[in-house]
Each structure stands twice: as structure tokens, then as C-alpha cells.
Amino acid sequence: MLHENIKNLRKSRGMTQEELASRLHIVRQTVSKWEKGYSVPDAEMLRKLADALETDTSSLLGETVEENVKIDAVAEQLSRINEQLAIRNRRSRRIWKTVGIILAVILIVQVLSCSSAIIAFDQYSAETEAYTEEIIESMP
């Protein structure tokens with residue numbers, strides 16, 4: 001029980017045996033012996049161990065602590081989040097593409113209407129000028 005709790009709590013905190021030993025100012029082999037159940041820490045070391053593992057001594061000595069690493073569940077959740085982000089990105093790109101096409105069409109229509117207005121004005125000006133010249137020439 002104690003040896004399993006030490007190992008599971010250490011792993012759930014993301015520590016190696018070496019890191020835990022360094023925090024307790026002992027050698028790694030001592031941590032290994034505790035985790036294998038070959039030896040147990042004394043009362044003072046048990047208190048320091050609980051502090052290093054961010055728990056209390058009763059938790060270390062109590063029921064077996066389950067390792068909190070559920071890699072499959074975390075990977076599945078990350079996969080779902082990644083998929084949702086991909087869908088959102090596709091939608092966003094599609095929206096911006098549509099907005100860009102609409103703006104391009106509006107711009108083309110404006111350019112064509114301005115061009116046709118300029119051409120029509122030039123033709124009208126030319127016709128008016130020719131008509132004005134005819135009137136002026138026909139005057140006595």
C-alpha cells in the first residue's frame with residue numbers, strides 16, 4: 001500500500017525517482033526500495049516525503065492511491081478539440097472566401113458601370129459637339 005502510493009503520487013506529479021530523491025536529500029536507490037516495498041521511510045522522512053509529494057501522511061499510509069494518468073481519455077479529448085478547431089477553421093476560411101468573392105464581384109460591377117458611364121458620356125459629348133457644330137455652321 002505505502003509503496004504503491006509513493007510510486008503513484010510521484011508519477012502523478014511528473015517526478016522521477018531522481019527528482020524526488022534530490023528533494024529529500026537522499027539517494028535514488030532509497031526511493032526505489034520504498035516503491036518496491038523493500039523498506040519504509042522513518043517517521044520524519046515520511047513527513048518530508050508527504051511534503052515533497054504535496055499530500056499528507058495519512059494519504060500516504062491510507063488506501064491505495066490510483067495513478068491519475070488516463071492518457072487515452074486525455075488523447076481522445078484532445079482529438080475532439082482538435083477536430084472542432086479544424087471544423088471552425090474550415091468554416092472561417094469558407095466565410096472569408098465568400099466575403100472576398102462578393103467584394104470582388106461588387107468591385108467588378110462598379111468598374112464596369114463606371115466604364116460604361118464614361119463611354120456613354122464620351123459618346124454623348126461627341127454627338128452633342130457634332131450637333132452643336134452643325135447648328136453653328138448652319139447659322140448665317
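Report follows, based on the coordinates. What you see is a predicted model, and the numbers here were worked out from it, not measured in a lab.

Looking only at helix α3 (residues 28-36), the buried set comprises V31, S32, W34 and E35. Projected down its long axis, α3 carries its buried residues within an arc of 160 degrees, all on one side. Buried-residue contacts for α3 involve α1 (2-12), α2 (17-24) and α4 (43-52). Phi turns positive one or two residues past the end of α3, at G37, with a value near 80 degrees.

A few words on the pattern of salt bridges. Tallied over the full model, the rule gives four salt bridges. Taking the shortest distance from any N to any O, the salt bridge between R47 and E44 comes out at 2.4 Å. Of the two residues, R47 and E44 are both situated in helix α4; the distance of three residues between them amounts to about one turn of the helix. Its relative accessible area of 39% is what places R47 among the partly exposed residues. Here E44 falls in the partly exposed class, since its relative accessible area comes to 40%. Salt bridges here are not isolated pairs; linked through shared partners, they connect E44, R47 and D51.

Side chains of nonpolar character tend, in soluble globular proteins, to be buried together. Residues I6, L20, L24, W34, L49, L53 and L60 are the most contacted members of the largest nonpolar core, which totals 16 residues. The set of elements that each furnish at least two residues to this core consists of α1, α2, α3 and α4. Here the element with the most residues in this core is α4; it accounts for five residues. Not counting residues up to four positions away in its chain, the partners in contact with L53 are I6, L9, R10, R13, M15, L20 and L60.

Among the residues of α1, L2, N5, I6, N8, L9 and R10 are the ones counted as buried. Those residues of α1 that are buried lie in contact with α2, α3, α4 and α5 (57-61). Within two residues after α1, G14 carries a phi angle of roughly 75 degrees, on the positive side.

What counts and how
- Residues numbered from 1 in each chain as written.
- Predicted model: local features only at pLDDT ≥ 70, side-chain atom pairs only at ≥ 80, totals over all residues.
- Heavy atoms only, no water.
- Buried < 20%, exposed > 50% of the residue type's maximum accessible area, 1.4 Å probe, protein only.
- Helix = DSSP H or I, 4+ residues; strand = E, 2+ residues; numbered from the N terminus.
- Arc of directions from axis to C-beta.
- Contact = heavy atoms within 4.5 Å.
- Salt bridge = Lys/Arg side-chain N within 4 Å of Asp/Glu carboxyl O.
- Core = buried A, V, L, I, M, F, W, Y, C linked by side-chain atoms within 4.5 Å.

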